[in-house]
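Chain by chain, the residues:
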Amino acid sequence: MSNTDQDAALRIASGRKPFVEPLQLGERLKEIRLANQWTLEEVSQRTGLARSTLSKIENHQISPTFTAVQKMIRGLDIDLPQLLSAPRAQTRTMGRRDLTRGGDGQRHPTPTYEHELLSHQLAQKRMIPFKTIVRARDFEAFSEWVRHDGEEFLIVLDGSIMLYTEFYEPVRLDQGDSIYFDSDMGHALVSLSEQDATVLSVCTRADGT
């Protein structure tokens, strides 16, 4: 890093007049990360900064210190002007699509569910759609709560289920019923039908990847 760049970074870290006005280091860091298809964990490994610290920087919860700026520049193999450049204006979608024919999803069977991941060939999705056959017939079939980051929308395609959640009473959902919930809350599905019930779920990704 040149002396000029170092002086600019020091001004940023000390809260004095920024090198670029307005300065959006968090948004710029996220833009660089997504452009390289890196997860927060991968950036953490490259820079030596904790994943939680990077997340807080991206979400404007903290400002990076001079040391953090140095680590980002070195770890991401960029120079200071690249990091300080204003984030690019959002452009229109490139028109991606991923067609999944019936039965052609990526299957992930478990003792309680049989998941079929849909649109599995499309990388960097903000949503994860999957169809699930609910095989469990009793809550006791689960050794622990199912939980994962993000939020989930679920609609019953066939049959009936009982949705158990960590903070609410169990609720019955019949064909056509839907529900939206925070999926880091413990949850579990049990089929009430004579035949295995089928549901469609769409989950969001909380890590921004």
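You'll find the structure just up there.
Before going into details, it helps to say that this report is about the structure given with it.

Calculation notes
Residues numbered from 1 in each chain as written. Predicted model: local features only at pLDDT ≥ 70, side-chain atom pairs only at ≥ 80, totals over all residues. Heavy atoms only, no water. Patch = residues over 30% accessible without salt bridge, like charges linked within 9 Å, V, L, I, M, F, W, Y side chains within 5 Å. Areas by Shrake-Rupley, 256 points an atom, 1.4 Å probe, with all protein chains shown as cover. Salt bridge = Lys/Arg side-chain N within 4 Å of Asp/Glu carboxyl O. Lys, Arg positive; Asp, Glu negative; His and termini not counted. Charge placed at Lys NZ, Arg CZ, Asp CG, Glu CD. Helix = DSSP H or I, 4+ residues; strand = E, 2+ residues; numbered from the N terminus. Pairing = 2+ DSSP bridges. Axes fitted to C-alpha atoms, helices over the stretch in contact; angles between N-to-C directions. Contact = heavy atoms within 4.5 Å. Nonpolar A, V, L, I, M, F, W, Y, C, P; charged D, E, K, R; others polar. Parallel < 35°, antiparallel > 145°, perpendicular 65-115°, else oblique. Left-handed = near helix turned anticlockwise from the far one by under 90°.

### Looking at a negative patch on the surface
A contiguous patch of negative charge, built from Asp-149, Glu-151, Asp-182 and Asp-184, is present on the exposed surface. Assignment of secondary structure puts Glu-151 in strand S4 (residues 151-158).

### Some points on the sheet that holds strand S3 (residues 127-134)
The sheet built from six strands is open, its strands ordered S1-S2-S3-S9-S4-S7 with antiparallel pairing. Whereas interior strands pair on both sides, the edge strands pair on one side only; in this sheet they are strand S1 (106-109) and strand S7 (178-182). Put simply, the sheet's adjacent strands are angled 25 degrees from each other on average, direction ignored. As paired elements, S4 and S7 share five bridges and run antiparallel to each other. Its bridge partner being in S7, Ile-155 is matched across the sheet by Ser-178.

### Observations regarding the packing of helix H2 (residues 25-35) against helix H4 (residues 51-58)
The geometry of H2 relative to H4 is characterised by a closest axis approach of 7 Å and an angle of 115 degrees between their N-to-C directions. For the pair H2 and H4, contact is made by Gly-26, Glu-27, Leu-29, Lys-30 and Arg-33 and by Leu-54, Ile-57 and Glu-58, respectively. Here the contact of H2 with H4 is built from residues that sort into three nonpolar, one polar and four charged.

### A few points about the packing of helix H3 (residues 40-47) against H4
Contact geometry of H3 with H4 gives a least axis separation of 9 Å together with a crossing angle of 110 degrees. Overall, the two elements H3 and H4 adopt an arrangement that is roughly perpendicular. Two packed elements cross with a definite hand, and for H3 against H4 that hand is right-handed. Along its contact with H3, which presents Leu-40, Glu-41, Val-43, Ser-44 and Thr-47, the element H4 presents Arg-51, Leu-54, Ser-55 and Glu-58. Class assignment for the residues of the contact of H3 with H4 results in three nonpolar, three polar and three charged.

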